[in-house]
Every structure is written in C-alpha cells, then in structure tokens.
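Fold and geometry: a report
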Amino acid sequence: MVHVYNCHPFASQQIVPTEQEPGLFCCGGDALFVVSAGGCKIEAFLIAEEGCRLICRIATMGNVQSIAHSQIGDYVVTIEEKNNATYLRVYTNWRYQSAEKTRVGVRLLGHLLRGSSFRAAPKEQMEIIEMPLFEPPLCVSCCGVSGDLLVGCTQSSVIFTLKRRVLSEQQYALDFERFLILHTDGWTPTQVAFCAGYVALQRDLDVLVVRLDRLEPCPSSQHQHTLALEDVVIACKEEGQPGVRREGNSAVAPAQDPEDFYVFPKLQELLGEEARDCGISVTLEQTGIEREPREELGISYVLYRRFAPDFFQGCSVEETCLHSLQLLPVFTASSNQEVSCEEKQREPVSIFCYFSLPSMGYIYSLKNTVELVSTYQYPEKAQQAVLSNHFLHIITRNALMCFTVRVSAVVARAEDPYIDTTIKACPPSTMEVCALRIQLFIGLKALCHVRNHVFLLTAADLESEEDTARATKRAQSKKAATPKQTEPADGGHGWNLYVVNTVSTIQLYREMVEYSKKYESSSPRSHSCKHLLSEAHLLLRATLQEPEERGPADQDELQDAFLDSCAQMADCYSRSDERDCHLALPYYKMSSLLVTEIINRNVAFGGGTETFGKGFLFFLKHSLYEETMEELSQETADKVLDIFSTVEPSQLPHVVCSPFMKNATSAAAYSHLQHLEASLPAVIVTLCKAAVALKMGDLALYRQEMDRHAEMLQVYGFLEEPRLLLHRQGKAAVPTALAQHLSDMQDGLLVAAMVALHENSKLKLEEADSFFQELCREGSSQAESGPQLLVDFWEALLVASSQGAVIQELLFRLASVYIDRIARRERSGIKPLKTAEDLINSCSHYGLLFPWVNVITPPQFNLTHDYQEDLQKLQALLCGPSLDVSSIFPLLEQLSDSDGAGLGVHVLCATKLGQHERCIDSLLDRCPEAIVPYANHELLQDRMVLWWQKLLPELCKRTKSTGTDNTVLLSSLKETLVVVAMELSPLEFLKLLPDDGTAAFFLPHLLHCAQKSITA
C-alpha cells in the first residue's frame, strides 16, 4: 500500500455558482466551462483566487456529450448530439459572448466569412466551426503545445491542425485543416490524447502510444504510409464474414460455447521499438491541401500496455476498464528562454503518459527514454484522475486523494544528464510515491485541475444513502481537518461544483519539513523522514522548473527554500549509514553552506564524536580533498582532527595534509599522528610527522623523522599523499613548506618524488612547471632560461617516461633551454643533478658524441663557462635517435657558427636533415681538421659517392689555392685519395684527377688503385 501522510495541500474550497446542475465540465488557462445537465448550454467562469466569476453563457447547437478546451488558440471543442446525429464543433472567440445580444457566426471548416461585415472594422463575435467527419466522433483531445486537435472515431483518428488565417492587417481568424488520418481498423478508442506529435489511444483494457515522425522527402516512399483502397475493402470483407471475431488486428475463431467461456487477454507491456510487435496496425493518410508542400510522415511505436480484467473490492469484470488517459507536456524555464517570441510553439523537455485502472495507476515517461516512472495503488476504487507537474489528484466515491509524482525528477535528469554526481543530486524517479492527503467528500463524480485549483463535482446518490451515512459517520469519527468552506452548500438540489484551492508551494514545503521532524525526533535515521524530505525537495524543484514569470521576492523565497531543502536532505543523509549516505556530499554542495557551518550542524546533532554517520564522514573526507573549500579556523580544524582520530584514524595523514587545515594546532596534530603510528606504522605517517615538525620549527625532530626511512620509501610516501609537497590552486600547483625545505636540502629526493607523481598520473606537466617556477621564484636557482631544478626534473622525467607525446615535449623543452643557455653564456653556478655523461649512460634519448664532434668542440673546451655542460647535453641529444631536429631548427638562429660550439650544433642539425654537402662546405671553411673524421662517420653506404663527387674536388681546389703550406688540407686530401682509390676502378680514379695536378703527388694513389684492381 502507498504510504499516506497527513499533510494539508488544500487551502480552501468554494462553490462555483452554476445556474443548473452540471453535467460535464472542463478547465484550461483561466477559464472553467460547465455544461448544464440538459447539455445545450455552457457556462464559462473566470478562475480567480477569490472565486469563480461568470464570464458568459454559450448556447450550443446540440446536446454536449464531450467538451475540451485548448489554451493555444483559446477555443472550446465539443462533441454534440442532435436528432440522433453526432457533430464535432469548435467555438472560437467565445469571450465575446460576455456582451449581451452578440452576433454568432456559423461556418464550415476552411470556409471563412468574407462578407461585407468583415471588410470593415473587425467584428467582435463568436464563431462556431463545423468539423465534418466520415465517422461519428467518440472522443477529442487538444495538443497543449500546438493547439492541434485529435478526434477519435470508430475506425480511425483524425488530426486537425490549428491555422491562423489573416483577414486583414488588423484581423486574423482561427481555422482548422484536416491534416492526417490514423487508420486503426478494428480498434475503437474510448479515449484519445495528443501532444507534440505523440498520439495515445485507449480502449477498455489496452493503451497504445505512437509518435509522428517527419521523414526526409523520398520519391520511393511517396505512398509508404497511405492507406490503399484494396486494403480497406479486404478488411471490410473480413469483418463481414460470419463466424469470425476480430481481436486487435487478427481474426480469431469464436469459442464453441461463448456463454461458458471467456477469453482473457494476455498481460503485456512493450516499450520503444518492441511496441511495434503489439499486433495493432496504424496506417497514415495525409489529407492536407495538395498545392501546399507536404512533409513525409512516419510512425514510431512508443508504448503498448495491455491488461486483464481483475476483481477489486467487488468490482465486476465489466467495470474493470481503463480511464483518465492523459499526455502531460512539461516545459521549463530554460526551454522557454530558447524560444523566441515569434515562434508559435515550444519544445517540451519531457512528455508523460498517465492512465489508470480502478485499482492501479501508471505514469510513463515517453521522451528520450520510454520507461515506467511510477505505479500507484489506490486504497479505493478510483473513478477519475488528473496528472500535473506537482501532484496526481484522484477521486474515489467519497474521497479526493493527492499523490506525489516524479515528474520533476525525470525532467531534472532530462535537462542535465550529469545531475547525479558529487556536485549535484536529485531524488530518484524510482522512489516510491506517497499520498499527502485523503480528503473526504460525499458523492464525487468528476474532477478537473488547472494551476492551483481542483474542481470537483459532487452529487447525492439516492441508491446509496446508507453508504453515505456510513461515510459521514466515519468522517466525524476521524475528526479529519476539512478545508475552510467559504459558502454553505445548498443541500436542497443534492449536487455541488466545488473549486478547491491548493496551498502555495512554500507553505506546503514548510509543513512537510515540520512533519519530517516528528519522524526525526522519534527515529533520526528513519526512512519516512528521508522520504518526506525528498518529496518536499521534488515539490520545490517542480515549482522552480516552471516557466512562469515570478517577482524577484517570490523567486528569492523559492530559491532560499530550495537551498534549505538541500541542507535538510544533506543532514538526513549525513546521519545515515546506508548505501546512499554518499548523497550528503552533493546536497551539502547545493545548499551553499560553509563547511564550518556543516561541521557545527553535525556536531550539534551528534553530541559526541562517536555518533557521526558515514555520510558526514564521507562529505568531510571529500571536502578536505577539494580545492574550493574555505580555510578552517583553529577551533574547527582541531575539532576535525578530534573527529578523525576517534572515528577513522587511518585518514589522519590525509586530513593533516589538507591546505584547509593549516590553522590546526601543530602540537595536537603531531600528538594524533604519533598515537596513530604506535598502532599503524607507515611511511606516510612519518612524513606527515616530519612536515608538522618542520611547521613547528623543530629541525632536529624533522631530521630524526626523515632519517627513519630510505629515500625510495619516502618517494612511495609522497606518491600516497601528494599534498605533502604541493597544494593545487586552480590550474597551478603551489609548493608546501616541506617542498621548499627539500629543494634546499634534498633536491634529488624532491625531483624523484615529482617524477613519480607525474608517472602515476597524479601531476600534469604544466602543474610541475608552475610548481618549480613558484618554488625557485625567490631562490638563487632562478635563471632567465628557467630554474635549474625544473631542468633537472625534465631530464629525470625524460629518463623515466615512456609516453611518446611527453617525450617529444620534453626533448623540445630541454633543447630550447640548452640552446638558450649556450647563446646567453649564462653562469648560474648551480651544479645540475645529472651531468651529460650521466644522461648518456642512463637515457637512450641521449647518444654518444660522434668522433668528429669532439674534434670541433673538445670535451675540455672552454671549461670556464657553465654552459659547457649544456653544450654537451645538447650535442648528445642531437646525436641521439629521438629529437626531431626540424622542431628546433628555428631556434638555431640564436647560435652563431663562428665558434666551435655553434658550428658543431649547426653541423649536427644539418647532418640529421641530410644536408651533407652543406656540412662539408662549413667544415672546410671553419674546421677543416674535422672533415675527414666527419666523412669517415657520415659519408657511408649510399652517401659514399660524396667522397669523390664533393669532398675530393673541394679539397683539390682549396689545396691548390692555399698551396702546400696548409698541412691540414693537404693531409685531408691524402686521406681522401686513399678512400677514393679503394672504392673506384683505375680508369674512374684517373678521370677524377685534376689536369694540372702534380703527377708525383697522385701517382702513388693511382698505383695503389691499380694494384687493388689487379688483386681483386
């Protein structure tokens, strides 16, 4: 059974001053329409807080059997019967009937009145539009989004689109166009509903919901959904065959003895595309004006639900049928802002479908995901129900029931799919529903609802006076609080039409919170307390989601109530030990309360540190890890230390390292950590003690704690708690006092710890940059090209990293720093953690220096400058396999090739780019002693031809121009001739010799070439 609370959602009730006994009534917008019992007169009332005031009386052309109102277009549609014929009529401009003797125009659909009376000034008169149909209308429904009209008939349902026909610059007229026919042969609806392209059809025991989809125009699908004439003929012949009974869309042979047997339909629920297998064929026939461009339409099956008759509190099988079919569109403030004023319709965020049996009610969500949202079990037989954004109102024979709904929860998740996170939360849509109130009435017959007004029709049943007396006696015995009745009921005629006003959302919310406190006082962790607070929270959400414009004061009051609701929900979850206790975190965040206020609320509730719930501890732990939490005062921080030391001491190291706990008493923190270490020794506890000792200024105690573990174990400790070294502020990482001390005393340990953090995805490269920049801001290691400790970190990370993107980024950064330092001739005086030799031996990205590089820049070259180490590291990178030279090529403009340092780097880069001829020219011009080592190392295999095509001619030319005095060129030429003689044949070698060369110089090499050829 549904839980029933004794809240008071109804404020007052008044009697609608109808002239005659009501037969039918409906409401919409600001109007109530009451059809007299005779059926030929409609009274329209203006709905206001102080009561209902008569607007006008409308005389109908027949006996009204069904009535509905559309707020879009403000028209009334009726199904009327006259002379055994049924008609569908629409009444527009009905408000003009408030003036006496007002003219009334009657016309057919699509035929506007264009007489002389319409050519002058617009006439204020009501129009009655006759809507012709092929079949008698059974039921109607108006779309709450577009104002279109759906009419259910025996074998089909017809959609009429609302049109605004422009008559003149100052006048337009409402009209309709028959747009679409949905053929459902053998399936006669008892109720229909239409909203934003969704069509719901209901029979006695089954419901079908389909969606009209707009398709891309395709020539092959021109008649895909058009009803074929031969299909209609075949279907009619099948129905006319004797002895064949049709169930849905299939023919079933009748039972042998129908008086003894009854075939019950099978219970079935099909959602989404599965609903296509329901066996009901829906065929579309478009009937719009052919000269207008058409959009191809298709059908998507959304929902099918079939029930079997059941017995409920004496209900017969015949009485067990569905009722109260409804499609509810939900708009929100955000969806309202996205639509301009010129657009005629908005897109609802969600659409819900409701239908009910006498004993059970069902709400489905249709948009986005088709799912069953809620099931309602009634304590009595339900006669009618109306669904709204806030409540589900149900009438039984002698009671008005107000149930909660999950509409706002579904809408919240449709607007924000990521609402269920550590930042935001919302009660689940699957949460069980409850009844806020069961208000006793006598002889309830009908119900309708608009905004905060519920309209009830009561009539005395002469056949049930005994039951009525029993119900009255029961009501008096329960002493139920009834809403204040502003006017006495006239008991003479035996009927009344009431308007029951509901209380404001704020008032009902406050009552529900007070109600929840009764459960809290008896059982602080009771389910009813949490459930009632969740209902109050969803009620506020539903009001805040409404697109209605409210004044600043009302909006602020609602927003304050919502923040208070979040705080109430968070308090409830924080004291809980159940699986959902983690929800205390997002609700506290949504409440905008400070952490200090939250701690004080829970301390005041607990009365001791041992009674805190898991939800509060989860919130506290998570908050201490965040970056946006406010700094706690000394009193509050010490209170947090006491809480964790008692309830969860293993979390103390993480609590102490939080930047928001910096005001905590150091002595108390050290005492708690020492007590923890006695029972649970760990490296992280020792490091925390060292950090606290450093904060207290006790360096001896600090060194004692740091000497207890090896540096490698300390790196693991920093990996377990990075906040020992850094605190995050947005995208920056700020070093702690311990990190500052380590940079001065144990920079190797600091760099190793930062590398470990990066490799374990606990630190980004950009955060490490800001960390070392801030760390060395005041220190002597700050150079123009960057702090040396940051370069040490890059070098160490390059050794350890295996991520390709990180490696390329580090190579570029290191090469840039090396080039910049060489160009600036910086003298920082700080010794790096790793020398070039260390990096060559430990890192594969640094290669051994080529022999010719050592010729250009010897290892002992210019040792007085600090950049010599950077030069060797840069050369090692260029000699390695990983650096992309093209990325640093623009940076080489800083280096001049006039000295050995710049020349070696330029030649290395040009060589890696394949520019060997350019390198030969550069070396011959500036360092000819390196040309032969360069050629021996680089001019191999496919580049061997450069020996005789480039190098030999150049050496011959330069030697001739300088003479024999240049011993370097002369020796290089001899070594080149030796290599060329070994590679070429005597004839090829002879052709290379210069014509004006000295025979005595070249002859030995020619003989050597000939001997080599003869030997081969």
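None of the values given here were measured: they were computed from a predicted structure.

Re the confidence of the model for the chain
- In this model, the chain carries an average pLDDT of 83, and 84% of its residues clear a pLDDT of 70 or more.
- Under a pLDDT of 50 for its full length, residues 116–122 has, in the predicted model, ten contacts with residues more than four places off or in other chains.
- The low-confidence segment residues 339–344 (pLDDT under 50) makes three contacts with residues lying over four places distant or belonging to another chain.

Notes on helix H28 (residues 916–926)
- Those residues of H28 not exposed but buried are His916, Cys919, Ile920, Ser922, Leu923 and Leu924.
- Buried-residue contacts for H28 involve helix H24 (851–856), helix H27 (900–912), helix H29 (931–938), helix H30 (946–962) and helix H31 (967–983).

As for the pairing of strand E18 (residues 206–214)
- Taken across its nine residues, E18 has seven buried, putting it largely inside the fold.
- Pairing of strand E17 (residues 198–202) with E18, which is carried by five bridges, proceeds in the antiparallel orientation. Counted as the bridge partner of Ala200 is Val209 from E18.
- In this antiparallel pair of consecutive strands, E17 and E18, the connection spans three residues.
- Sheet topology note: the E18/strand E23 (residues 297–306) ladder contains nine bridges and is antiparallel. Opposite Val207, over in E23, you have Arg305 as the bridge partner.

Examining the sheet that holds strand E7 (residues 63–70)
- The strand order E7-E8-E9-E11-E10 describes an open sheet built from five strands, whose pairing is mixed. Each end of this open sheet is capped by a strand with a single partner; those strands are E7 and strand E10 (104–108). Each adjacent strand pair in this sheet contributes to an overall mean axis angle of 25 degrees, direction not counted.
- Both E7 and strand E8 (residues 75–82) contribute to a ladder of seven bridges, which runs antiparallel. When the bridges of E8 are listed, Asn63 appears paired with Glu81.

Let's talk about the environment of Glu627
- Residue placement: Glu627 occurs in the loop between helix H11 (614–624) and helix H12 (634–647).
- Classification of Glu627 by relative accessible area gives partly exposed; the value is 43%.
- For the pair Glu627 and Gln729, spaced 102 residues apart in sequence, the C-alpha separation works out to 6.4 Å.
- Glu627 has contacts with Phe660, Arg728 and Gly730, leaving out every residue within four places of it along the chain.

The rules behind the values
Residues numbered from 1 in each chain as written. Predicted model: local features only at pLDDT ≥ 70, side-chain atom pairs only at ≥ 80, totals over all residues. Heavy atoms only, no water. pLDDT = per-residue confidence, 0-100. Contact = heavy atoms within 4.5 Å. Buried < 20%, exposed > 50% of the residue type's maximum accessible area, 1.4 Å probe, protein only. Helix = DSSP H or I, 4+ residues; strand = E, 2+ residues; numbered from the N terminus. Pairing = 2+ DSSP bridges. Axes fitted to C-alpha atoms, helices over the stretch in contact; angles between N-to-C directions.

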